[in-house]
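Geometric and topological summary
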Amino acid sequence: MTRLAVLTLLAALPAGGAAQRGDWPMPAKDYAATRYSDLTEITGANAGRLRPVWSFSTGVLGGHEGQPLVVDNTMYVVTPYPNVLYAFDLTREGYPLKWKYRPAVDPNALGIACCDAVNRGAFYADGKIVYNLLDGHTVAVAAATGKELWKTKIADLSQGETTPVAPLVVKHRVIVGASGGEFGIHGWLKGLDLETGRIVWTAYNIGPDSQVLAKPGTFKPFYDRGTELALTSWPADVWKNGGAPVWGWMSYDADLDLLYYGTGNPAPYNPEQRAGDNKWTASVLARRPEDGTLVWAYQFTPHDSWDYDAASEMILADLTVNGRPRKVLVHFDKNGFAYTMDRATGEVLVAQPFVDVNWAKRVDVATGRPVVDSTKLTGASRGNVKEICPTLEGGKSPASPAAYSPRTGLFYLATNNMCMDYQATQATRIAGTPFIGANTPYHAGRGGYMGAFIAWDAAAGKKVWQTTEPYPVWSGAVVTAGDVAFYGTLDGWFKAADARTGKVLWRFKVGSGVVGNPITYTGRDGKQYVAVYAGIGGDWFLLSGDVRSDDPADVRPPADFMPDIARHTSQGGIVWIFAL
């Protein structure tokens with residue numbers, strides 16, 4: 001076996017883990033964030049015979065984002081607030097509960113969390129289940145017993161910081177971030193010690209080089225030159241409440257020893273209060289996981305005028321681009337462009353729209369900057385700017401991670417086909433309260449449908465196929481060596497599609513809208529299983545109207561762009577498992 005093959009193998013398994021080939025030990029299955037499984041039992045020929053074999057109510061009605069983990073015949077499930085952790089024994093009939101961990105979580109976090117009290121999942125490493133609580137704490141729990149091993153405060157609720165993000169564990173570092181772009185936080189990433197929970201380093205995403213950990217001779221962005229880039233691209237002191245939260249997904253290249261993650265929106269939404277590019281909001285940053293040192297950064301949407309967070313996953317793959325083999329990072333941004341980048345340097349190789357885009361005409365790969373349509377720029381002085389595509393929900397939501405199949409060479413993702421009007425207003429920051437300043441009604445985009453599940457060729461920058469859906473598609477994806485891709489819909493369907501053609505092979509009504517991410521794993525019996533959460537939430541709980549029946553006072557009307565969604569779903573909290 002070559003050294004490269006050995007490194008690739010090691011990078012696919014968590015630190016010190018007992019994880020096996022058919023397990024799912026981390027949010028995206030592997031450090032490259034592919035959400036790809038080499039299991040082959042379920043195929044296009046037999047997927048139509050899938051049936052439910054088990055379900056479990058988590059006891060929480062709320063947005064069930066994230067995904068279960070499966071390690072050593074145990075399934076681990078994290079709920080939305082209050083962030084209960086379940087461990088189920090997959091070796092016994094009925095998958096009985098092995099243990100249940102109930103953390104103490106500050107209920108004040110419910111009033112701070114921007115867009116539902118979600119949790120994006122856990123990570124298995126060194127016999128521990130590590131995950132974040134909504135109230136700004138990271139915990140490690142013994143995988144075998146459910147005993148709390150350590151609990152560390154990482155965020156400050158009083159400043160509007162909450163922590164639904166899934167951690168990434170690289171060797172002995174637990175990497176964590178915080179939400180709060182809508183509250184004007186000073187966004188950061190932190191590295192904790194896996195054994196003790198101690199905070200080892202803190203790297204801010206905006207501000208002076210000393211806080212950003214941009215060191216002379218080490219930090220070498222491909223398109224930018226000079227020092228203090230994340231300071232001088234802001235008005236004086238505005239950066240201190242400039243946002244750049246970390247609430248999406250992270251990946252890691254063991255060969256380059258680089259950790260990749262995206263940052264969220266600048267604050268406030270009114271761009272006239274923050275002149276300049278506002279680096280490094282709406283950006284990808286590449287850091288050393290050991291000490292947080294910044295190696296390169298690239299900004300997808302300079303001076304973001306539309307709330308185009310770049311918190312989506314950074315999928316690592318080896319592709320042939322323009323006739324040359326390249327080690328790339330592939331990112332589907334909220335702004336509607338799909339980026340194929342050199343992951344060692346941050347050079348943009350391909351950038352093409354994967355949904356309808358009109359805020360920019362194109363991305364200039366020579367400069368790395370979008371060519372903006374000036375008529376779509378927003379600001380308080382501009383009034384109500386009409387018909388901007390995509391909406392601030394994104395061409396793809398960062399909450400809905402894509403998948404990549406090395407067999408087909410294609411990427412699979414949930415997309416939104418919507419446009420918005422955008423009226424910015426002056427905003428004043430009060431710590432721990434919303435710092436937004438915009439009104440942004442949505443409507444369906446061209447064609448009348450609001451979402452699609454698509455396959456994308458990242459080397460060529462083109463869509464290969466799409467399956468349209470009546471509502472925005474907000475689930476993650478998984479793809480297998482059986483050439484089957486799985487995803488869910490807001491109106492409560494879980495679907496299997498042919499990875500090469502997009503043909504829907506099977507679907508099952510799971511009882512609530514799907515905003516979580518499917519996984520697939522091998523059971524003790526050697527069979528292939530597929531699991532997913534059902535439980536509508538996130539922004540869609542806020543927009544869907546009367547989907548919560550346990551509160552007699554909650555009879556909110558739905559958003560006018562999808563008035564009938566509550567006919568198809570209510571809130572839920574269910575774990576489903578399927579097999580042939």
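Residues numbered from 1 in each chain as written. Predicted model: local features only at pLDDT ≥ 70, side-chain atom pairs only at ≥ 80, totals over all residues. Heavy atoms only, no water.

On to the overall build of the protein chain, then. Along its length, the protein chain carries four helices and 39 strands. For the protein chain, the C-alpha atoms occupy an extent of roughly 60 × 55 × 55 Å along the three principal directions. Here the protein chain holds 580 residues, and 65% of them are scored as buried. Contacts spanning at least 24 positions in sequence make up 61% of the contacts within the protein chain whose residues lie at least 6 apart. For the protein chain, the exposed area adds up to about 19,400 Å²; of that, 51% sits on carbon and sulfur atoms. Across the protein chain, the mean location of the 54 positive side-chain charges is 3 Å away from that of the 56 negative side-chain charges. (Helix = DSSP H or I, 4+ residues; strand = E, 2+ residues; numbered from the N terminus. Buried < 20%, exposed > 50% of the residue type's maximum accessible area, 1.4 Å probe, protein only. Contact = heavy atoms within 4.5 Å. Areas by Shrake-Rupley, 256 points an atom, 1.4 Å probe, with all protein chains shown as cover. Lys, Arg positive; Asp, Glu negative; His and termini not counted. Charge placed at Lys NZ, Arg CZ, Asp CG, Glu CD.)

So, on to the pattern of salt bridges. Under the definition given, this model contains 24 salt bridges. Lys128 is paired through a salt bridge with Glu195; the nearest N and O atoms lie 3.5 Å apart. Taken together, the residues Lys128 in strand E8 (residues 128-133) and Glu195 in the loop between strand E13 (188-193) and strand E14 (199-204) connect sequence positions 67 residues apart. Here Lys128 falls in the buried class, since its relative accessible area comes to 5%. (Salt bridge = Lys/Arg side-chain N within 4 Å of Asp/Glu carboxyl O.)

Okay, the packing of aromatic side chains next. Any pair of aromatic rings gets described here by the distance separating the centres and the angle formed by the planes. All chains considered together, the criterion is met by 40 aromatic pairs. Taking the centre distance of 6.0 Å and the plane angle of 85° together, the rings of Phe337 and Trp359 count as edge-to-face. Remark: Trp359 occurs in the loop between strand E22 (348-353) and strand E23 (360-364) and Phe337 occurs in strand E21 (residues 337-342); sequence separation between them is 22 residues. The residues Phe337 and Trp359 share a single accessibility class, namely buried. Aromatic rings pair up to connect Phe222, Tyr223, Tyr298, Phe300, Trp306, Tyr308, Phe337, Tyr339 and Trp359 into one cluster. Over the ring of Trp249 we find Arg35, and its NZ or CZ is 4.9 Å from the ring centre. One residue, Arg507, lies across the ring of Trp493, its end atom 3.8 Å from the ring centre. (Phe/Tyr/Trp six-rings, centres within 6.5 Å; stacked < 30°, edge-to-face > 60°. Lys NZ or Arg CZ within 6 Å of the ring centre and 35° of its normal.)

The subject of this paragraph is the state of the cysteines. A full pass over the atoms with the stated rule returns two disulfides. Covalently, Cys114 is tied to Cys115 through a disulfide, its sulfur atoms 2.0 Å apart. Using a relative accessible area of 29% as the deciding quantity, one classes Cys115 as partly exposed. A sulfur-sulfur separation of 2.0 Å characterises the disulfide bridge that pairs Cys389 with Cys419. Sign of the S-S torsion, about 100° for the bond between Cys389 and Cys419, identifies this disulfide as right-handed. With a gap of 30 residues between them, Cys389 in the loop between strand E25 (384-388) and strand E26 (403-405) and Cys419 in strand E28 (residues 418-424) connect regions that are remote in the sequence. Taking the relative accessible area as the measure of exposure, Cys389 reaches 7% and is therefore buried. Here the bonded cysteines of the protein chain are numbered in sequence order, and their pairing is 1-2, 3-4. (Disulfide = S-S within 2.5 Å.)

Two strands pair when backbone bridges link them, and E23 and strand E24 (residues 369-372) are joined in this way by four bridges, in the antiparallel orientation. Across the sheet, the residue bridging to Ala360 is Val372, located in E24. The antiparallel hairpin formed by E23 and E24 contains four residues in its connecting segment, where Gly368 sits at a positive phi of about 80°. (Pairing = 2+ DSSP bridges.)

Tallied over the full model, the rule gives two cavities of 30 Å³ or more. Along the wall of the largest cavity there are 15 residues; nearest its centre are Pro27, Ala28, Leu168, Trp249 and Met250. Of the voids in this model, the second largest cavity is the one considered here, and its volume is about 30 Å³. Along the walls of the second largest cavity sit Glu65, Gly66, Gln67, Val78, Asn119, Arg120, Gly121, Ala122 and Tyr533, which together make up its complete lining. (1 Å grid on protein atoms, 1.4 Å probe; cavity = no way out; pocket = protein on both sides within 12 Å on 5 of 7 lines; lining within 4 Å. Points joined across faces, edges and corners; volume = space filled by probe spheres on them.)

Turning our attention to the side chain of Gln273. Its place among the elements puts Gln273 in the loop between strand E16 (258-262) and strand E17 (283-287). With residues near it in sequence (within four places) discarded, Gln273 still touches Val238, Pro268, Thr425, Gln426 and Ala427.

Another aspect to go through is unusual backbone geometry. Cis peptide bonds are those with omega within 30 degrees of zero, and the linkage from Ala267 to Pro268 qualifies with -5°. By secondary structure assignment, the location of Pro268 is in the loop between E16 and E17. With an omega of 0°, the peptide bond running from Cys389 to Pro390 counts as cis. Checked against the element boundaries, Pro390 lands in the loop between E25 and E26. Even without a glycine there, the phi angle at Asp72 is positive, about 55°. The residue Asp72 is located in the loop between strand E3 (69-71) and strand E4 (74-78) in this model. Although it is not a glycine, Ala282 sits at a positive phi angle of roughly 45°. For Ala282, a relative accessible area of 0% corresponds to the buried category.

One open sheet accounts for four strands, arranged E11-E12-E13-E14; its pairing is antiparallel. The open sheet has two edge strands with one neighbour each: strand E11 (168-170) and E14. Going from strand to strand, the sheet's axes swing by 25° on average, the running direction of each strand aside. Where E13 and E14 come together, five bridges link them in antiparallel fashion. What sits directly across from Trp188, in E14, is Tyr204. (Axes fitted to C-alpha atoms, helices over the stretch in contact; angles between N-to-C directions.)

Before going further, it helps to examine the confidence of the model for the protein chain. Chain-level statistics for the protein chain give a pLDDT mean of 94 and a share of 97% at 70 or above. pLDDT under 50 marks residues 1-11. Its contacts with residues more than four places away, or in other chains, come to six contacts. (pLDDT = per-residue confidence, 0-100.)

Moving on, we come to the nonpolar core. Met75, Tyr76, Leu85, Ile129, Tyr131, Phe486 and Tyr521 are the most contacted members of the largest nonpolar core, which totals 61 residues. With six residues, strand E38 (residues 528-534) is the single largest residue contributor to this core. Core analysis: the next-biggest nonpolar cluster, separate from the first, contains 47 residues, Tyr260, Ala286, Leu316 and Met420 among them. (Core = buried A, V, L, I, M, F, W, Y, C linked by side-chain atoms within 4.5 Å.)

Moving on, we get to the sheet that holds strand E10 (residues 148-153). The four strands lie next to each other as E7-E8-E9-E10, forming an open sheet whose pairing is antiparallel. Because the sheet does not close on itself, it has two edges, and the strands there are strand E7 (123-125) and E10. Strand-to-strand twist of the sheet, defined as the mean angle between neighbouring strand axes without regard to direction, takes the value 20°. Taken together, the three bridges between E7 and E8 define a ladder with antiparallel strand orientation. In the strand pairing of E8, Phe123 is matched with Val130.

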